[in-house]
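A structural walkthrough
Residue-level listing of the chains:
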Amino acid sequence: MSTVAAPSDIRNTASALRRLYFVRAAFAILWALVMFATADKISPVVAGLLVLYPLFDVGAAVVDANASRATRSPALLYVNMAVSLAAAAGVGIAAASGIPAVLRVWGAWAVVAGLVQLIVAVPRRRMGGQWPMILSGGISVLAGASFVGSAGAEDPALTSAIGYAVPGGIFFLVSALRLGRSGGQASARSAASS
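Residues numbered from 1 in each chain as written. Predicted model: local features only at pLDDT ≥ 70, side-chain atom pairs only at ≥ 80, totals over all residues. Heavy atoms only, no water.

When helices and strands are tallied, the chain shows six helices and zero strands. Taken from the N to the C terminus, the helices and strands of the chain come in the order α-α-α-α-α-α. For the chain, long-range pairs separated by at least 24 residues make up 77% of all intrachain contacts whose partners lie at least 6 apart in sequence. Approximately 9,300 Å² of the chain is accessible, and the part contributed by carbon and sulfur atoms is 69%. (Helix = DSSP H or I, 4+ residues; strand = E, 2+ residues; numbered from the N terminus. Contact = heavy atoms within 4.5 Å. Areas by Shrake-Rupley, 256 points an atom, 1.4 Å probe, with all protein chains shown as cover.)

Here it is, written out as structure tokens:
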């Protein structure tokens, strides 16, 4: 039995990921716009939005795992689901304690989720469109560390969380566009190497 994914499996996975990345890009930008309009303090709406973001990540990881099953093991995506679910609960609890607590939980989640994104994207390079995901994962790790550090600032703000979502949305959009262009090329390369 061959361990190389069939070209049709790669093409199907790339197509599913492309759709998912477009949805993730739109969600991130929309979320950031709503947060920008409401995030001067932690209100019930802001707390709900802060919980929603990692919950959306759980849903996206479920879709990704289902789409990726034919091309590779989704084990790391299961880790991402668990981490994002824990982050949603943690952010919900931290919201009652204030912005510094939220930034600490959000930052820890960004570090772990960024590492997972980075590790998942590297083997997908052959599929195409993954360099934005690799960059996004690395930036997420750095941003998460900065959130944790900024939690101790004199006047911490939630604007950094908004700043986290916007580049993430842009990276998902670029990756979706690149997957559309390079998905067919990746299938051809895979067929040629079989």
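Glancing now at the layout of surface pockets. Here the largest pocket defines a volume of roughly 410 Å³. If you trace the largest pocket, you find 29 residues lining it, with Arg 24, Asp 57, Gln 117, Ser 136 and Phe 172 closest to the centre. Only α1 (7-38), α2 (44-68), α3 (75-94), α4 (99-121), α5 (131-150) and α6 (159-193) provide two or more residues apiece to the lining of the largest pocket. For the lining of the largest pocket, the residue count by class is 18 nonpolar, seven polar and four charged. (1 Å grid on protein atoms, 1.4 Å probe; cavity = no way out; pocket = protein on both sides within 12 Å on 5 of 7 lines; lining within 4 Å. Points joined across faces, edges and corners; volume = space filled by probe spheres on them. Nonpolar A, V, L, I, M, F, W, Y, C, P; charged D, E, K, R; others polar.)

Turning to the nonpolar core, a few remarks are in order. Counting residues in each nonpolar core, the largest one holds 31 residues, and the members touching the most others are Trp 31, Met 35, Leu 50, Tyr 53, Trp 106 and Tyr 164. With eight residues, α4 is the largest single contributor of residues to this core. Setting aside chain neighbours within four positions, we find Trp 106 in contact with Trp 31, Leu 50, Tyr 53, Pro 54, Val 91, Phe 147, Ala 161 and Tyr 164. In this structure, Ile 10, Tyr 21, Ala 60 and Ile 134 belong to the second largest nonpolar core, which totals 15 residues. (Core = buried A, V, L, I, M, F, W, Y, C linked by side-chain atoms within 4.5 Å. Buried < 20%, exposed > 50% of the residue type's maximum accessible area, 1.4 Å probe, protein only.)

We now examine the packing of aromatic side chains. Tallied over the entire structure, the rule returns twelve aromatic pairs. A centroid spacing of 5.7 Å and a plane angle of 40° characterise the contact between Phe 27 and Tyr 53, whose relative ring orientation is tilted. Of this pair, Phe 27 sits in helix α1 while Tyr 53 sits in helix α2, and the two are 26 residues apart along the sequence. The pair Phe 27 / Tyr 53 is uniform in exposure class, with both members buried. (Phe/Tyr/Trp six-rings, centres within 6.5 Å; stacked < 30°, edge-to-face > 60°.)

Right, let's talk about the packing of α3 against α4 for a bit. Axis angle and axis distance: for two packed helices, these are the angle between their axes and the distance between the axes, and together they describe the pair. For the pair α3 and α4, interaxial distance at closest approach is 9 Å and the crossing angle is 170°. With respect to their mutual orientation, α3 and α4 come out roughly antiparallel. Seen from α3, the contacting residues are Leu 76, Leu 77, Val 79, Asn 80, Val 83, Ser 84, Ala 87, Gly 90, Val 91 and Ala 94; seen from α4, they are Ala 101, Val 102, Val 105, Trp 106, Trp 109, Val 112, Ala 113, Val 116, Ile 119 and Val 120. When the residues that make up the contact of α3 with α4 are grouped by side-chain class, the tally is 17 nonpolar, three polar and no charged. (Axes fitted to C-alpha atoms, helices over the stretch in contact; angles between N-to-C directions. Parallel < 35°, antiparallel > 145°, perpendicular 65-115°, else oblique.)

A few words on the packing of α4 against α5. In the contact formed by α4 and α5, the axes pass within 7 Å of each other and the chain directions differ by 160°. Taken together, the axes of α4 and α5 lie roughly antiparallel to each other. Crossing of α4 against α5: the hand is left-handed. Each of Leu 103, Arg 104, Trp 106, Gly 107, Ala 108, Ala 110, Val 111, Gly 114, Leu 115, Gln 117, Leu 118 and Ala 121 in α4 lies in contact with α5, whose residues at this interface are Met 133, Ile 134, Ser 136, Gly 137, Gly 138, Ser 140, Val 141, Gly 144, Ala 145, Phe 147, Val 148 and Ser 150. (Left-handed = near helix turned anticlockwise from the far one by under 90°.)

All right, on to empty space enclosed by the protein then. For the coordinates displayed, the defined rule picks out one cavity of 30 Å³ or more. Size it by volume and the largest cavity reaches roughly 50 Å³. What lines the largest cavity is Arg 24, Phe 27, Ala 28, Tyr 53, Phe 56, Gly 168, Gly 169 and Phe 172. When contributions to the lining of the largest cavity are tallied by element, the ones reaching two or more residues are α1, α2 and α6.

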